[in-house]
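Residues per chain are reported as follows:
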Amino acid sequence: MVLNKIKEYGRLVMFSHSIFSLPFALIAMIWAAQGLPSIMVFVWILVALLGARNGANAFNRIADVAIDKKNPRTSGRHLPSGKLKMIEAYVITIFCFAIMSFAAFQLNIICFMLLPFAILLFIVYSYSKRFTWLCHVILGIACGAAPMGAWLAVSAPLTVTPFILWAAVCFWVAGFDIIYATQDIDFDRKEGVYSIPSRFGYKDALSIAAFFHVLSVFLLITVFFFQNVGIIYIMGIAIIALLLIYEHRNISPNNSRKMNFVSYHINQIVGVVFFIFAIADFVFLGLS
């Protein structure tokens, strides 16, 4: 019974999707520290990142419950269907933000002082679809803050690199969120929900998503000029570019299973590829 509840809570916050920004944050941490930081710094960074991601997701589910209940595609989610109670979602949100705050306090004063801005950004995103079609970009900005936070957490001097990673993650996340949102064009227009697909239409929305992904890859390539990376890193970015091309060539808004695959699973692979190749590059350069 308890295990089933934990699984449901994990599905509520989409715990498996924590992998999106996490690889970029961990690489930012390693680059900033020029290796692994102390074990406790690493642990608190991980706790802060997971707390932030899952707390933001739980709050987003709370904010969207009325919209999700009307949408046939999302009416079966945990809150609108009644599988979980609203009070449970609030408790999860508070718990996640609490451990995020405690972890930030354990790291340094800068991370702790920036907490209100991070939480405000999560809240703004959750309600942004009610007033701007730039909601996808706001989501990207929130997710892209993860590598910047990890960089600041090791108290390293601030360089151009974390800003590039922030922007790259921002446009990458915004791009696949636009793709995912193409499934709800008709519903969003009917209910007055703002999104790039509902504002510009299916074809133009996909063009914008493709542009965002091209921009993201370009930004990841520019890291080469500001950070000590080599050919292995560039090979990883090339693979990421191929994965994103595959994603765009397999979009099918009328097939929800396929859309989940191209919008989520492929992009989970993108994060893993970035982490593996960036780590391998860092180790190789250290040994050479």
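Structural data are supplied above this passage.
Before going into details, it helps to say that this report is about the structure given with it. Per chain, residues are indexed from 1 in the order of the written sequence. Given that the model is predicted, a residue must reach a pLDDT of at least 70 before its local features are reported, and side-chain atom pairs must reach 80 or more before they are shown or counted; all residues, however, enter totals for whole chains, interfaces and linings. Based on all heavy atoms of the structure, the side-chain values leave hydrogens and waters out of the count.

We define a salt bridge as a side-chain nitrogen of Lys or Arg found within 4 Å of a carboxyl oxygen belonging to Asp or Glu. In total, this model carries five salt bridges according to the counting rule given. Taking the shortest distance from any N to any O, the salt bridge between lysine 129 and aspartate 64 comes out at 2.9 Å. Remark: aspartate 64 occurs in the loop between helix H3 (39-63) and helix H4 (65-70) and lysine 129 occurs in the loop between helix H8 (115-128) and helix H9 (135-153); sequence separation between them is 65 residues. When the shortest N-O distance is used, the salt bridge between lysine 70 and glutamate 191 registers 3.4 Å. Of this pair, lysine 70 sits in helix H4 while glutamate 191 sits in helix H11 (residues 185-191), and the two are 121 residues apart along the sequence. By definition, any uninterrupted DSSP run of H or I lasting at least four residues is a helix, any uninterrupted run of E lasting at least two residues is a strand, and each is numbered from the N terminus.

Here the focus is the packing of H3 against helix H6 (residues 86-107). Every angle, taken between N-to-C directions, lies between 0 and 180 degrees, and every axis is a line fitted to C-alpha atoms, over only the stretch in contact when it is a helix. Contact geometry of H3 with H6 gives a least axis separation of 7 Å together with a crossing angle of 155°. On the basis of their axis angle, the class for H3 and H6 is roughly antiparallel. Considering only the axes of H3 and H6, their crossing is left-handed. Here the contact of H3 with H6 is composed, by residue class, of 21 nonpolar, five polar and no charged. We call two directions roughly parallel when the angle between them is under 35 degrees, roughly antiparallel when it is over 145, roughly perpendicular when it lies between 65 and 115, and oblique otherwise. Whether a crossing is left-handed or right-handed is set by the direction in which the near helix is turned from the far one by less than a right angle, anticlockwise for left-handed and clockwise for right-handed. When residue character is reported, Ala, Val, Leu, Ile, Met, Phe, Trp, Tyr, Cys and Pro are called nonpolar, Asp, Glu, Lys and Arg charged, and the others, Gly included, polar.

What follows is about the nonpolar core. By nonpolar core is meant a set of buried Ala, Val, Leu, Ile, Met, Phe, Trp, Tyr and Cys residues that side-chain atoms within 4.5 Å join together. A simple rule labels every residue: compare its accessible area, found with a 1.4 Å probe on the protein chains alone, to the largest value its type can have, and call it buried under 20%, exposed over 50%, or partly exposed in between. Counting residues in hydrophobic clusters, the biggest one holds 75 residues, and the most contacted among them are Trp31, Ile45, Trp172, Leu220, Tyr233 and Phe274. Here this core gets twelve residues from one element, more than from any other, and that element is helix H10 (residues 161-181). Residues contacting phenylalanine 274, with those up to four places away along its chain left out, are Pro23, Phe24, Ile27, Trp31, Leu165, Leu220, Tyr233, Ile237 and Ile240. Judged by nonpolar contacts, the second largest core, of five residues, contains Val65, Leu79, Leu84 and Ala89. Only heavy atoms matter for contacts: two residues are in contact if any of them lie within 4.5 Å across the pair.

Moving on to the packing of aromatic side chains. Centres within 6.5 Å are what make two rings of Phe, Tyr or Trp a pair, Trp counting through its six-membered ring; a difference in plane orientation under 30 degrees is then read as stacked, over 60 as edge-to-face, and the rest as tilted. Applying the stated criterion to the full structure yields 14 aromatic pairs. Ring centres 5.4 Å apart and planes at 75° place the aromatic pair phenylalanine 105 and phenylalanine 112 in the edge-to-face group. Owing to a relative accessible area of 53%, phenylalanine 105 belongs among the exposed residues under this scheme. Judged by its relative accessible area of 35%, phenylalanine 112 falls in the partly exposed class. Among the aromatic side chains, those forming a connected cluster through ring pairs are Phe24, Trp31, Trp172, Phe176, Tyr233 and Phe274. Here the basic side chain of arginine 199 rests over the ring of phenylalanine 200, its NZ or CZ set 4.7 Å away from the ring centre. The rule is short: NZ of Lys or CZ of Arg within 6 Å of the ring centre and within 35 degrees of the ring normal puts a charge over the ring.

Take unusual backbone geometry next. Of all residues except glycine, most have a negative phi; of all peptide bonds, most are trans. Of note, glutamine 34 is a non-glycine position whose phi angle comes to about 55°, a positive value. Here glutamine 34 lies in the loop between helix H2 (22-33) and H3. A positive phi angle, near 55°, is found at serine 155, a position not held by glycine. Serine 155 gets classed as exposed once you look at its relative accessible area, which sits at 54%.

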